[in-house]
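Structural characterization, general
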Amino acid sequence: MRTLQGEFDGSGLKIAVLCTRWNDDVVDRLVDGAMDVLSDCGVDDDDITLVRVPGAFELPLVADRLADRYAEDGALDGIVALGAVIRGETPHFDYICTECAKGLSATALEYGLPVGFGVITADTAEQADARAQSDEDHNKGAEAASAVVEMITLLRSIED
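Residues numbered from 1 in each chain as written. Predicted model: local features only at pLDDT ≥ 70, side-chain atom pairs only at ≥ 80, totals over all residues. Heavy atoms only, no water.

**Some remarks on the pairing of strand β3 (residues 78-86)**
- Burial analysis of β3 places eight of its nine residues in the buried class, the great majority of the element.
- Alignment of strand β1 (residues 15-20) against β3, held across five bridges, turns out to be parallel. In the strand pairing of β3, alanine 16 is matched with isoleucine 79.
- Bridge count for β3 against strand β4 (residues 115-122) is eight bridges, and the pairing is parallel. Looking at β4, one finds that isoleucine 86 is bridged to alanine 122.
- Of the crossover connections in this fold, the one passing from β3 over helix α3 (residues 92-111) to the parallel β4 is right-handed. (Buried < 20%, exposed > 50% of the residue type's maximum accessible area, 1.4 Å probe, protein only. Helix = DSSP H or I, 4+ residues; strand = E, 2+ residues; numbered from the N terminus. Pairing = 2+ DSSP bridges. Right-handed = clockwise from strand over helix to strand, strands pointing away.)

What follows is the structure, encoded as structure tokens:
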């Protein structure tokens, strides 16, 4: 039996980390977690581009534009999308979360580019905070970055 799986070797990978400015107290910790994992995997700082967008609704458009512009020529191997959407009193939360997830998924499928979903969708600020802790086991930014590196290497092993 042949088994394919990704590795956590990010040497030579070019990664875009997209993050929202909204809920920045939580998102900044997601960025820190993602950067720590990328560094641990061997991704060079010069091969990481940090892109800040206003909110989660804007993540898919920027991810799509980056994929369209840079993925074909090998200048981008994957995207880590980070944000925090916290439920309020109106259905706005549901629309933003749904469209963000759908849009990022569409970009991944259209371009065959790994897109890590590190967008916290929480009912309360406390839930968001719990998912953005400084340790890698409780940081959705770290999880998303790890998934991107693993998916890039997995897709490459499938192509080989």
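**Some points on the state of the cysteines**
- In total, this model carries zero disulfides according to the counting rule given.
- Unpaired in terms of disulfides, cysteine 19 finds its nearest cysteine sulfur in cysteine 100, a separation of 13 Å.
- Unpaired in this structure, cysteine 97 has its nearest cysteine sulfur neighbour in cysteine 100, at a distance of 7.4 Å. (Disulfide = S-S within 2.5 Å.)

**Description of unusual backbone geometry**
- Even without glycine at this site, asparagine 23 takes up a positive phi of about 55°.
- In this fold, asparagine 23 is placed in the loop between β1 and α1 (24-40).

**Quick word on α3**
- For α3, spanning 20 residues, the distance from its first C-alpha to its last is 29 Å, which sits close to the expected 28 Å at 1.5 Å a residue.
- Regarding α3, the residues found buried are Phe93, Ile96, Cys97, Cys100, Gly103, Leu104, Thr107 and Tyr111. Summarising the axial view, the buried residues of α3 lie within an arc of 140°, below the 170-degree limit, and thus occupy one face. Exposed residues lying more than 90 degrees from the buried face of α3 are Tyr95, Lys102, Leu109 and Glu110.
- In this fold, the buried residues of α3 make contact with α2 (59-71), β3 and β4. (Expected span 1.5 Å × (residues − 1). Arc of directions from axis to C-beta. Contact = heavy atoms within 4.5 Å.)

**A few points about the sheet that holds β3**
- Strand order across the open sheet formed by four strands is β2-β1-β3-β4, with parallel pairing between neighbours. Edge positions in the open sheet fall to β2 (48-53) and β4, since each of these has one partner strand only. Between one strand axis and the next, the sheet turns by 15° as a mean value, whatever way the strands run.
- Sitting on the sheet, α1 is in contact with β1, β2, β3 and β4, with an inclination near 155° to β3.
- Helix α5 (residues 140-159) rests against β1, β3 and β4 of the sheet, and its axis sits at about 155° to β3. (Axes fitted to C-alpha atoms, helices over the stretch in contact; angles between N-to-C directions.)

**Quick look at the UniProt feature "binding site: (2S)-2-hydroxy-3-oxobutyl phosphate" (unreviewed entry) in the protein chain**
- The feature "binding site: (2S)-2-hydroxy-3-oxobutyl phosphate" (unreviewed entry), as annotated in UniProt, sits at Glu89, Thr90 and Arg131 in this numbering. A stretch of 43 residues holds the annotated residues, and the largest C-alpha distance among them is 22.7 Å, long enough that they do not meet in one place.
- Following the sequence through the fold, glutamate 89 ends up in the loop between β3 and α3.
- A relative accessible area of 86% places glutamate 89 in the exposed class.
- Its place among the elements puts arginine 131 in the loop between α4 (125-130) and α5.
- Setting aside anything within four residues of it in sequence, one finds arginine 131 in contact with Leu30, Ile120, His138, Asn139 and Lys140. (UniProt positions renumbered as here; feature names shortened; annotations may be inferred.)

**Brief notes about the side chain of threonine 153**
- Within the secondary structure, threonine 153 is located in helix α5.
- Not counting chain neighbours up to four residues away, the residues in contact with threonine 153 comprise Gly6, Glu7 and Asp9.

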